[in-house]
Amino acid sequence: MSSGFERDRDEFTRGTRAIVVLPDQGDAARDVDARLGETAGLAAAIGVEVVERIAYRVRQPKPAMLIGSGQVELLATQVRMEEAGLVVFDASLTPIQQRNLEKALEVKVIDRTGLILEIFGERAATAEGRLQVELAHLDYQAGRLVRSWTHLERQRGGFGFLGGPGETQIEADRRLIRDRMARLKRELEQVSRTRGLHRERRQRAPWPVIALVGYTNAGKSTLFNRVTGADVMAEDLLFATLDPTLRQIQLPGLDKAILSDTVGFVSDLPTQLVAAFKATLEEVVSADLLVHVRDIAHPDSEAQRADVETVLAEIGVDDNTPRFEVWNKLDLLDPDAHDEIAGEAARRDDVVAISALSGEGVSHLIEQIAAKLTGAHRRYQITLDASDGAGAAWLHAHGEVFGSVDDELETTYDVRLSDADYDRFIRRDV
């Protein structure tokens, strides 16, 4: 990001030793170890070395530091023992809580939102992605000026009892942030309009759009690469993919389709990022089919599914949008669990079990995607002049031809087409 408001990155660097802290409020929907592991993975994604993971039971969040004073003392001792330079809280901290914890622990403290913003800041590769991340970061930082901009404490604004340390400077900086955010929003609106024009051209074609969605690290990019032959970054790393990637694919019974690989979702995705990435996620909202890729081997797979559905609702995905689930990572299951999961998926028409890594079940998945997209297609008997080779080629390219009957002057085709393609063909707008 190029903004003058970028956080001082000298506060911690790659290789910094860190402790991950989970204030456990008894959320039964999630496994504590899995949640700590996820946050450690998020920290590792920006090159931080996690040296300890700690869960503290919190019955009632404390306004001053979220966790109790005794727990803070224990954590301070652990920080000194591990020689840690960073503490990552798997929770949302208020600016006051963050400042108090930093004073008590004498190290840098960031919360889950700040951590995710750090990752997005490093990974955004396109101009659009960088704009979105900067907008989200500024929105987050605007409320934390008093905490993170220590130079402001040396300023004084106003006079009498109304004037306080840093008051005028803080307000000036906030105004600059608001101005910068307004400019970023205008630029992103232009990006959204451009993307909308591209989408309109695709819809006029019309080619169906299939959007891969899912929790981060569920294997979307690995599946995308296997189906399209692309080389999108696919690693065992949270948020390996940020910017959307679209590729043209061929499916049985269809001329072509567009497959979209999108940013992975995560629990407690910062609201700033959901808002900032609206332009990117418009590909999901307008998709003809959503393919929800799940890591079926993960202990929190059901909770992750719920998190994805929550984000889809937040960005405005219609409940009527056709979708089905892909239960990925069969290769990580033991034989008994593998057979149980594969058997359950086989009994359902809204699930396909696969291993994107090994390729198991992927061909069946492609058949199911084609079936979903062509399910509303109708069969037509279309008669063409025997000399109409272009028309015959178009029917084979855009529909599923079951057979044909020839006579001396005409050929009748038994073909299945979408309503839109049939209308296009009758108009001969091909």
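Everything discussed here concerns the structure shown above.
What counts and how
Residues numbered from 1 in each chain as written. Predicted model: local features only at pLDDT ≥ 70, side-chain atom pairs only at ≥ 80, totals over all residues. Heavy atoms only, no water. Phe/Tyr/Trp six-rings, centres within 6.5 Å; stacked < 30°, edge-to-face > 60°. Helix = DSSP H or I, 4+ residues; strand = E, 2+ residues; numbered from the N terminus. Buried < 20%, exposed > 50% of the residue type's maximum accessible area, 1.4 Å probe, protein only. Salt bridge = Lys/Arg side-chain N within 4 Å of Asp/Glu carboxyl O. Pairing = 2+ DSSP bridges. Core = buried A, V, L, I, M, F, W, Y, C linked by side-chain atoms within 4.5 Å. Contact = heavy atoms within 4.5 Å. Axes fitted to C-alpha atoms, helices over the stretch in contact; angles between N-to-C directions. Polar contact = N/O pair within 3.5 Å; in protein donor to acceptor, adjacent residues only side chain to side chain.

Observations concerning the packing of aromatic side chains
Per the stated rule, a full pass over the model turns up two aromatic pairs. Taking the centre distance of 3.9 Å and the plane angle of 5° together, the rings of Y380 and Y422 count as stacked. Pair noted here: Y380 is in strand β11 (residues 378-385) and Y422 is in helix α15 (residues 419-427), with a separation of 42 residues, a long-range link. On the basis of relative accessible area, Y422 is assigned to the partly exposed category, the value being 25%. Between W394 and F425, the ring centres sit 5.6 Å apart and the planes meet at 35°, which makes this aromatic pair tilted. Taken together, the positions of W394 in helix α14 (residues 389-398) and F425 in helix α15 put the pair 31 residues apart, joining distant regions of the chain. Relative accessible area serves as the criterion here: at 7%, W394 is assigned to the buried category. Looking at F425, the relative accessible area reads 3%, which means it is buried.

What to know about the pattern of salt bridges
Here the structure, examined in full by the defined rule, presents 15 salt bridges. Among the ionic pairs, E344 bridges to R348, the shortest N-O distance being 3.8 Å. Residue classification places E344 among the partly exposed positions, given a relative accessible area of 31%. R379 is the salt-bridge partner of D414, the closest N and O atoms lying 2.5 Å from each other. Taken as a pair, D414 in strand β13 (residues 410-417) and R379 in strand β11 lie far apart in primary sequence, 35 residues in all. D414 sits in the buried class, given a relative accessible area of 16%. Sharing partners across several salt bridges, the network here consists of R35, E38, D90 and R112.

What about the pairing of strand β5 (residues 209-214)?
Judged by how many residues are buried, β5 sits mostly within the fold: six of six residues are covered. Where β5 meets strand β8 (residues 289-295), five bridges bridge the pair, whose relative direction is parallel. Paired with V213 across the bridge in β8 is H292.

Quick word on the nonpolar core
Residues V284, L290, L312 and I315 are the most contacted members of the largest nonpolar core, which totals 36 residues. Only β1 (17-24), α1 (32-44), β3 (86-89), α4 (112-123), β5 and α11 (301-314) provide two or more residues apiece to this core. Here this core takes four residues from α4, the largest share from any one element. With residues near it in sequence (within four places) discarded, L290 still touches A211, V213, V284, L312, V317, T321, P322, R323 and F324. Listed in part, the 23 residues of the second largest apolar core include L251, L259, V291 and V326.

Topic: the pairing of β3
Of the two faces of β3, the one carrying L86 and V88 and the one carrying V87 and F89 are both buried. Alignment of β1 against β3, held across four bridges, turns out to be parallel. Across the sheet, V20 pairs through a bridge with V88, a residue of β3. Summarising the sheet, β3 and strand β4 (residues 108-111) pair through four bridges and their orientation is parallel. Within β4, the position partnered with V88 by the bridge is I110.

So, the sheet that holds β13
On the basis of which strands lie adjacent, the open sheet formed by three strands has the order β11-β13-β12 and antiparallel pairing. Looking at which strands have only one partner, the edges of the open sheet turn out to be β11 and β12 (400-406). The average undirected angle you get between the axes of adjacent strands in this sheet is 20°. Bridge count for β11 against β13 is eight bridges, and the pairing is antiparallel. Residue T383 lies in a different strand from β13, and its bridge partner there is T412. Along the sheet face, α15 touches β11 and β13 and points at about 15° away from the line of β11.

Considerations on unusual backbone geometry
Backbone geometry places N217, a non-glycine residue, at a positive phi of 70°. Relative to the helices and strands, N217 resides in the loop between β5 and α8 (220-228). Among the residues examined, N217 registers a relative accessible area of 21% and is labelled partly exposed.

So, the side chain of S221
With respect to the helices, strands and loops of the structure, S221 is situated in helix α8. Within the local environment of S221, its side chain forms a polar contact with the side chain of D261, the two groups lying 2.7 Å apart.

A closer look at the environment of I296
Inspection of the secondary structure assignment puts I296 in the loop between β8 and α11. Each C-alpha atom of the pair I296 and A353 lies 8.7 Å from the other, and the pair is 57 residues apart in sequence. Contact partners of I296, with chain neighbours within four places excluded, come to S301, W327, N328, L333 and I341.

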